[in-house]
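# Structural description and commentary
Spelled out from the first residue to the last, the chains are:
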Amino acid sequence: MTDTTPRPVRTRFAPSPTGSLHIGGLRTALFNWLYARRHGGKFVLRIEDTDQKRYEPQSLEELMEALRWAGLQWDEGPDIGGDYGPYIQSERRELYQKWANWLLDNDKAYRAYETPEELEQMRKEQLARKQPPGYNRQHRTLSEAECAAFEAEGRIPVIRLKMPLEGNTVIEDAIRGRVVFENATLQDMVLLKADGLPTYHLAHVLDDHFMEISHVMRAVEWLPSLPVHWQLWLAFGWEPPIYAHLPVILNPDGKGKLSKRKPPKDKHGNPIPVMVHDFMKAGYLPEALCNFLANIGWNFGDDREFFYINEAIDRFELDRINEANSTFPTEKLEWLNGMHIRELPVEALAARLRAPLEAAGLIVDSDLLLKVTPLVQTRIKTLSEVVGLAGFFFKPEFTPASAEAIIQKKMDAAATAQALVRSREILAGVDDFSTQALHDAIQPLTSDLGLNNSQLFGLLRVAVTGQTISTPTFETMEIIGKAETLHRIDMALALLPA
RNA sequence: GGCCCCAUCGUCUAGCGGUCUAGGACGUCACCCUUUCAAGGUGAAGACACGAGUUCGAGUCUCGUUGGGGUCACCA
């Protein structure tokens, strides 16, 4: 394998359109993309829609949308075409049938006439007898006449691969090394289904061959069927690609791999998104998600974990991929997302904050948003958190906090009211409503009233923002302006019992 | 259960026979800064699953045990 002439690098991501993109799928796509970019190769998007039962028409669009959002542009694919198309398997069925027949003609495969029900029955009996379930190869040696008899019954055959019955299948995996399978334990897998469409096994080998895919990077769950695929390459007599089986992402709380079926929860019991679209909606940045995904099962080197994906291209190699599965490190995603938010230029962050604010029903003025953005930049970990922290800036009507929220620690209503009144007097006299000037004007009042900064600034904060956790007080006053600030203090005063 | 893969701090990881009294990051805790919340700074606790080998020497190689994961479809 290693001494074959290197081929141009062509990798592919081949999802089946059974729903929108899974986060684990995005990582597989990312690694394939990274490898292609690293080696100046091509990254191909292929749709594996040979299972009509599970096909969801919406998902092709969603899949592509998620990939584009993440910045993983493909060089060939169903929407943009390419020299190796079509890129949707259901449009390639003649190819699969042609080569399935070739296998038949060359004694590498055979027709089997059992119905799904009969196979199911066989499995049940095997299980009942505590035998390993599997096809018993009954039809592997059928005569012409026997086949004709089944056909006469109206049975439609599937085509199964004639696996070697003894010996080993030995394969070199690019990240796991030598993997050995005993042929006697392997199955004669179905290659072409009764509906004339291929199974994954046949389809991917044929497509990867004709699309000249050089490296197949896929999740480890494919490893058990690798020997079948390998025997197919051997049967065809074609040069196999280099296989690399990636570790999977495990559920952080319970056991098993991350799955949308069993929604995972973090240690606080909050649900963790699994689908890429959920991450989009939750306010994660694509650059943060890619950065995060690249850190699972691979590492940048230099002890660096924060990076932009373009920086990873130069360093991405298969031998740096960790073969162990890993659980989904939620807190790290939060941290990385916060990091990427903080690194964004203010204008860029403001632009991204618009969507979640508008989704919350707020009217977003661009100038105002630009002023508010720096105040939230170090305080949010996801874009959607802007709504809770600074949504009040964009509400048409100000909603004051409760009296008890305004009253600070070790203070009562009277003292609070007094502080508000005195503050109002001072603020009314300030012409330059800037953060610094406001701070300087109010500061002396703390000692006059025998309060500390926390108390005085705190009650002003709650009066002016309506929240106990908010953007900084004086910065907020500067943005909303003098009239509004005084108005809100009046509202607070009205709330306090006399 | 058969087969296959995997195994370093709670988590993500570095480590590719000696430089490991095991490094980094997230998280946690403490302190500093501080008008809330963050951010930032400083510091602390915290791991080579176990047992045999190989070797002058093992986190690093081999085998076994244990544990975890995956897979056993006319789904991918």
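Look a little higher up for the structure.
Residues numbered from 1 in each chain as written. Chains lettered and ligands numbered in written order. Predicted model: local features only at pLDDT ≥ 70, side-chain atom pairs only at ≥ 80, totals over all residues. Heavy atoms only, no water.

What follows is about the pattern of salt bridges. Pairing is possible between side chains that carry opposite charge, provided their charged atoms lie close to one another. Using the criterion set out here, one finds 29 salt bridges in the structure. K332 is the salt-bridge partner of E305, the closest N and O atoms lying 3.0 Å from each other. Here K332 lies in helix 11 (residues 330-343) and E305 lies in the loop between helix 9 (286-294) and helix 10 (309-313), a separation of 27 residues in the sequence. In this structure, R424 and D490 form a salt bridge, with 2.6 Å as the shortest nitrogen-oxygen distance. On the criterion of sequence distance, the pair formed by R424 in helix 16 (residues 413-428) and D490 in helix 20 (residues 482-495) is long-range, its members being 66 residues apart. Residues joined by salt bridges that share partners form a network here, namely R12, R46, E48, R92, D207 and D208. (Salt bridge = Lys/Arg side-chain N within 4 Å of Asp/Glu carboxyl O. Helix = DSSP H or I, 4+ residues; strand = E, 2+ residues; numbered from the N terminus.)

Before going further, it helps to examine the packing of helix 12 (residues 346-359) against helix 13 (residues 366-377). Remark: helix 12 packs on helix 13, axes separated minimally by 9 Å, with the N-to-C direction vectors making an angle of 105 degrees. Judged on the interaxial angle alone, helix 13 and helix 12 are roughly perpendicular. In contact with V346, E347, L349, A350, L353, R354 and L357 of helix 12, helix 13 contributes S366, L369, L370, T373, P374, V376 and Q377. (Axes fitted to C-alpha atoms, helices over the stretch in contact; angles between N-to-C directions. Parallel < 35°, antiparallel > 145°, perpendicular 65-115°, else oblique. Contact = heavy atoms within 4.5 Å.)

Within the secondary structure layout, G77 lies in the loop between helix 2 (59-70) and helix 3 (93-105). Given a relative accessible area of 0%, G77 falls into the buried group. Each C-alpha atom of the pair G77 and R461 lies 54 Å from the other, and the pair is 384 residues apart in sequence. When residues no more than four places from it in sequence are discounted, the contact partners of G77 are L45 and Y87. (Buried < 20%, exposed > 50% of the residue type's maximum accessible area, 1.4 Å probe, protein only.)

Glancing now at the pairing of strand 2 (residues 42-45). Taken together, the four bridges between strand 1 (residues 10-13) and strand 2 define a ladder with parallel strand orientation. Across the sheet, the residue bridging to T11 is F43, located in strand 2. Following the chain from strand 1 across helix 1 (residues 23-38) to the adjacent parallel strand 2, one finds a crossover that is right-handed. (Pairing = 2+ DSSP bridges. Right-handed = clockwise from strand over helix to strand, strands pointing away.)

Moving on, we get to helix 11. Here helix 11 contains 14 residues, and its C-alpha end-to-end distance of 20 Å stays within 8% of the 20 Å for a straight helix at 1.5 Å per residue. All buried positions along helix 11 are accounted for by T330, L333, L336, N337, G338, H340 and I341. Considering only its buried residues, helix 11 is in contact with helix 8 (276-281), helix 9, helix 12 and helix 13. (Expected span 1.5 Å × (residues − 1).)

It is worth spelling out the packing of helix 17 (residues 435-449) against helix 19 (residues 473-480) at this point. The contact between helix 17 and helix 19 brings their axes to 8 Å, and the two run at 120 degrees. By the angle class used here, helix 17 and helix 19 are oblique. Viewed along their axes, helix 17 and helix 19 form a crossing whose handedness is right-handed. From helix 17, T435, L438, H439 and I442 reach across to helix 19, where they touch F474, E475, M477 and E478. (Left-handed = near helix turned anticlockwise from the far one by under 90°.)

The next subject is the side chain of Q126. Assignment of secondary structure puts Q126 in helix 4 (residues 116-128). Residue Q126 is classed as buried on the basis of its relative accessible area, which comes to 8%. Beyond its immediate sequence surroundings of up to four residues, Q126 is in contact with Q131, P132, P133 and G134.

On to the protein's contact with RNA strand B, then. Around RNA strand B, the surrounding shell holds 63 residues, and the nearest of these are E114, K193, E305, T378 and R379. Here the atoms of RNA strand B within 4 Å of the protein split so that 71% fall in sugar or phosphate, with bases taking the remainder. T327 has a polar side-chain atom sitting 2.7 Å from a sugar or linking oxygen of RNA strand B. Between a sugar or linking oxygen of RNA strand B and a main-chain N or O atom of T468, the distance comes to 3.2 Å. Elements with a contribution of two residues or more to the surface near RNA strand B: helix 4, strand 4 (158-161), strand 6 (177-182), strand 11 (326-327), helix 11, helix 18 (453-465) and helix 19. Considering only residue class, the surface near RNA strand B consists of 21 nonpolar, 18 polar and 24 charged. (Near = heavy atom within 4 Å. Polar contact = N/O pair within 3.5 Å; in protein donor to acceptor, adjacent residues only side chain to side chain. Nonpolar A, V, L, I, M, F, W, Y, C, P; charged D, E, K, R; others polar.)

All right, on to the side chain of R488 then. In this fold, R488 is placed in helix 20. For R488, a relative accessible area of 6% gives the class buried. Not counting chain neighbours up to four residues away, the residues in contact with R488 comprise F392, F398, A463, V464 and I480.

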